[in-house]
Amino acid sequence: MIRGRWTPPLFGVAGFALALQLSQGIAQERGTEGLPPEAVLEVSEEHTTAVLPEMDPHWVYVLDPVFPHLIASKIYVVDGDGPRILGMMNTGYVPNLAVAPDRNTLFVAETYYARGTRGARTDVITYYDPRTLEPTGETVLPRGRFLVVPKKPNLALTTDGRYLLSFNMEPATTVSVVDVRERRYVGDIEVPGCALVFPTGPTSFSMLCPDGSLVHVRFDPEGGEPEIVDGEPFFDSEADPVFEHAAVSRTDGRVFFVSYEGRVYEGALQPEGLDIVASWSLVNEEDRAQGWRPGGWQLLAYHAPSDRLFVLMHRGGPWTHKQPGEEVWVFDANTRRRLARVPLAHPALSLAVSQDDSPLLFALSEAASLTVFDAVSFEEKGTLEGLGDSPFLLYVADE
Amino acid sequence: MSTVAMRVLDRVAERMSRLAAQRTSRRGLLARIGALVVGGAVLPLLPVDRSGRIQRARAQAFAETAQTTDPTQCNYWRYCAIDGYMCSCCGGGPSTCPPGTYPSPSSWVGTCINPDDGQAYLIAYRDCCGKDSCGQCACLATEGEMPVYRPQLNNDIVWCFGAPNMVYHCSSAALIGKA
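Here the structure is a predicted model, which means the values were calculated and not measured.

### Looking at the overall build of chain B
- Summing up its helical and strand segments, chain B has three helices and eight strands in all.
- In chain B, the succession of α and β elements from N to C terminus is α-α-β-β-α-β-β-β-β-β-β.
- Looking at chain B as a whole, 56% of its 179 residues qualify as buried.
- In chain B, once contacts between residues fewer than 6 apart in sequence are set aside, the share between residues at least 24 apart is 71%.

### A few points about the overall build of chain A
- Looking only at helices and strands, chain A has two helices and 28 strands in total.
- Overall size of chain A, expressed as C-alpha extent along the three principal axes, is 85 × 50 × 40 Å.
- The 399 residues of chain A split such that 45% are buried.
- Residue pairs at least 24 apart in sequence account for 45% of intrachain contacts in chain A once pairs closer than 6 positions are excluded.

### Concerning the pairing of strand S24 (residues 338-353) of chain A
Residue and element names in this part refer to chain A.
- Across six bridges, the pairing between strand S23 (residues 325-332) and S24 is antiparallel. Bridge assignment links Glu327 to a residue of S24, and that residue is Pro343.
- Counting the residues in the hairpin turn of S23 and S24 gives five residues, including Arg336, whose phi is positive at 65 degrees.
- Hairpin remark: S24 followed by strand S25 (residues 360-365), antiparallel, with six residues in the connecting loop.

### Some details on unusual backbone geometry
Residue and element names in this part refer to chain A.
- Here the residue pair Gly82 and Pro83 is connected by a cis peptide bond, since its omega of -10 degrees sits within 30 degrees of zero.
- Among the structural elements, Pro83 can be located in the loop between strand S2 (74-79) and strand S3 (84-90).
- Following Glu170, the chain continues to Pro171 via a peptide bond in cis, the omega torsion being 0 degrees.
- Structurally, Pro171 is set in the loop between strand S9 (163-169) and strand S10 (173-179).
- In this structure, Asp307 takes a positive phi of about 55 degrees despite not being glycine.
- With respect to the helices and strands, the residue Asp307 is situated in the loop between strand S21 (300-303) and strand S22 (308-315).
- The phi dihedral of Phe378 falls on the positive side, at around 65 degrees, and the residue is not glycine.
- Take Phe378: it is sitting in the loop between strand S26 (370-374) and strand S27 (380-384).

### Things to note about the sheet that holds strand S28 (residues 393-395) of chain A
Residue and element names in this part refer to chain A.
- Ordered in space as S3-S2-S1-S28, the four strands form an open sheet in which the pairing is antiparallel. Of all the strands in the sheet, the pair left with one neighbour each is S3 and S28. Between one strand axis and the next, the sheet turns by 25 degrees as a mean value, whatever way the strands run.
- Here strand S1 (residues 59-64) pairs with S2 via six bridges, running antiparallel. By the bridge assignment for S2, Val62 is matched with Tyr76.

### A closer look at the interface of chain A and chain B
- Listed per partner, the contact involves 32 residues of chain A and 37 residues of chain B.
- Broken down by class, the residue content of the side of chain A that touches chain B amounts to 21 nonpolar, five polar and six charged.

### Quick word on the confidence of the model for chain B
Residue and element names in this part refer to chain B.
- Chain-level pLDDT for chain B is 75 on average; 67% of the residues reach the 70-or-more range.
- Low pLDDT (under 50) marks residues 1-55, which in the prediction has 96 contacts with non-local residues, meaning those over four places away or in another chain.
- Scored as a whole, the predicted complex attains pTM 0.86, and scored at its interfaces, ipTM 0.87.

### Remarks on the confidence of the model for chain A
- Taken residue by residue, chain A gives an average pLDDT of 92. The fraction at 70 or more is 92%.
- Low pLDDT, under 50, characterises residues 1-27 of chain A; the stretch is placed with one contact to residues that sit more than four places away or in other chains.

### A closer look at the nonpolar core
- With 151 residues, the main nonpolar core has Met207, Leu300, Val311, Leu351 and Phe362 of chain A as its most contacted residues.
- If you tally residues by element for this core, the top one is strand S6 (residues 120-129) of chain B, at eight residues.

### Comments concerning the sheet that holds S9 of chain A
Residues and elements named next belong to chain A.
- If you walk across this open sheet you meet the four strands as S8-S9-S10-S11, and the pairing is antiparallel. A single partner strand is all that each edge strand has here, and the edge strands are strand S8 (155-157) and strand S11 (184-190). Strand-to-strand, the axes of this sheet are offset by a mean angle of 20 degrees, without reference to chain direction.
- In this structure, S8 lies alongside S9, joined through three bridges in antiparallel fashion. Its bridge partner lying in S9, Leu157 is registered against Leu164.

Reading the values: rules and limits
Residues numbered from 1 in each chain as written. Chains lettered and ligands numbered in written order. Predicted model: local features only at pLDDT ≥ 70, side-chain atom pairs only at ≥ 80, totals over all residues. Helix = DSSP H or I, 4+ residues; strand = E, 2+ residues; numbered from the N terminus. Buried ≥ 20, exposed ≤ 12 C-beta atoms within 10 Å, placed from the backbone. Contact = placed C-beta atoms within 7 Å. Pairing = 2+ DSSP bridges. Axes fitted to C-alpha atoms, helices over the stretch in contact; angles between N-to-C directions. Nonpolar A, V, L, I, M, F, W, Y, C, P; charged D, E, K, R; others polar. pLDDT = per-residue confidence, 0-100. Core = buried A, V, L, I, M, F, W, Y, C linked by C-beta atoms within 7 Å.

Take a look at the structure:
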């Protein structure tokens with residue numbers, strides 16, 4: 001047994017030495033004398049690790065909760081101009097991501113058990129360098145975090161990027177606040193009964209509540225009492241609830257919620273909270289008669305520079321709100337007119353649009369493929385197939 | 001489960017119930033079926049409409065193609081609002097956790113119609129917890145399923161509150177009463 005245990009490494013070393021000798025022998029036998037310099041191949045090269053350039057607006061971060069192996073989630077970095085994979089991060093159990101407005105840090109809310117699925121639980125915000133994709137530090141969330149199929153509004157940075165807000169349900173609902181400049185846990189704010197976080201200012205956020213209202217919270221980073229103001233209901237949470245994935249733009253302060261039946265609730269980020277100012281419908285009578293309705297997971301995207309709203313739409317009956325979209329409908333958010341219908345070869349769960357002036361539209365399918373379109377001409381630029389196991393969320397810079 | 005854990009859960013359940021009650025309109029209160037199941041006992045989170053009128057209407061569509069004999073299929077009648085890997089395909093059953101995993105003492109409660117007798121039943125969607133994903137028989141049904149700001153009706157949440165740990169293994173659908 002002892003011999004058996006030791007044999008493989010010894011054999012391995014011997015084998016390696018033999019291979020080395022052989023390769024040298026072959027090189028010697030062939031010789032390179034008299035060959036033109038361009039025909040002489042480099043026989044040894046340095047094995048390096050890639051470092052990414054500065055984050056590009058055309059990059060998209062694809063969060064894969066890996067449903068068949070939930071404790072081993074991943075976030076892929078994809079260059080939309082390929083499309084091609086640039087790198088990956090291992091991110092624990094049902095994570096969430098936030099991208100720093102200065103593009104210098106990626107914040108990932110992660111959960112780990114010491115022995116994989118057993119042992120002590122740790123919930124952390126891990127700081128990643130977006131160029132090396134290596135963790136550079138972490139802040140522990142002592143009250144935990146919300147464990148759920150990842151949804152973007154579980155984690156968000158305040159409008160100036162200073163505080164990271166992590167929604168928690170234990171099942172009492174709180175919001176954990178982390179100062180990302182000092183890399184310090186500030187505390188948990190108890191906001192009874194309401195869920196998700198939509199930052200509205202440097203130290204304020206709104207949350208969705210069961211009665212169809214928003215609650216507006218202003219916190220004191222020094223630990224003083226938070227100010228919590230209840231809003232009035234703006235939608236009927238029984239008959240036609242709004243999807244969790246809203247489109248919120250830090251750039252122009254516009255916010256769009258969409259309901260199961262295709263009603264848009266448009267709002268603005270105000271110092272006192274998120275203010276719903278208007279309501280309109282994505283579908284007209286004809287669309288409705290054909291059964292068109294919004295659905296999927298991250299079903300909305302908004303391009304702030306052109307005020308365009310992108311929505312995943314499918315044909316189906318009531319309670320098909322998680323059905324992937326067969327088309328992307330594009331709306332002018334000012335005139336509320338539909339500008340285009342983009343058919344999808346692979347029905348999509350999630351959508352994102354880059355925030356630059358030559359925007360790309362990303363559609364993520366249930367079959368783990370990412371299709372990239374020119375977000376102005378809607379020309380298909382390419383598809384990346386086999387992107388992980390069950391990719392679910394998309395993040396771009398400057399959202 | 002230890003008495004301490006039970007007490008914590010009772011407190012959490014009570015708190016959630018109070019908070020949810022404060023924030024839910026009267027109309028919503030009367031219409032919904034919402035309960036947190038703790039340690040086998042159904043603790044109503046809200047005044048429960050036992051007639052289940054609205055839930056019943058929602059469950060009807062699923063029941064049209066449902067069957068009552070094979071819990072490894074997604075159209076098994078109790079799965080009208082389930083999401084995840086079916087414990088029946090993982091060494092367990094609709095109300096049995098696979099070996100070495102733990103039924104969550106908490107759950108959300110849906111209403112499904114048994115196509116054999118046409119009756120509506122309360123189903124506790126309780127996850128089995130403590131091992132990584134089973135990975136077999138993935139089903140997604142969304143009849144009456146609501147966003148997480150109405151957590152008692154949401155199927156994305158890891159329903160392992162109160163279990164020894166919060167790692168999701170598979171989804172079960174235990175019968176807990178008539179609606």
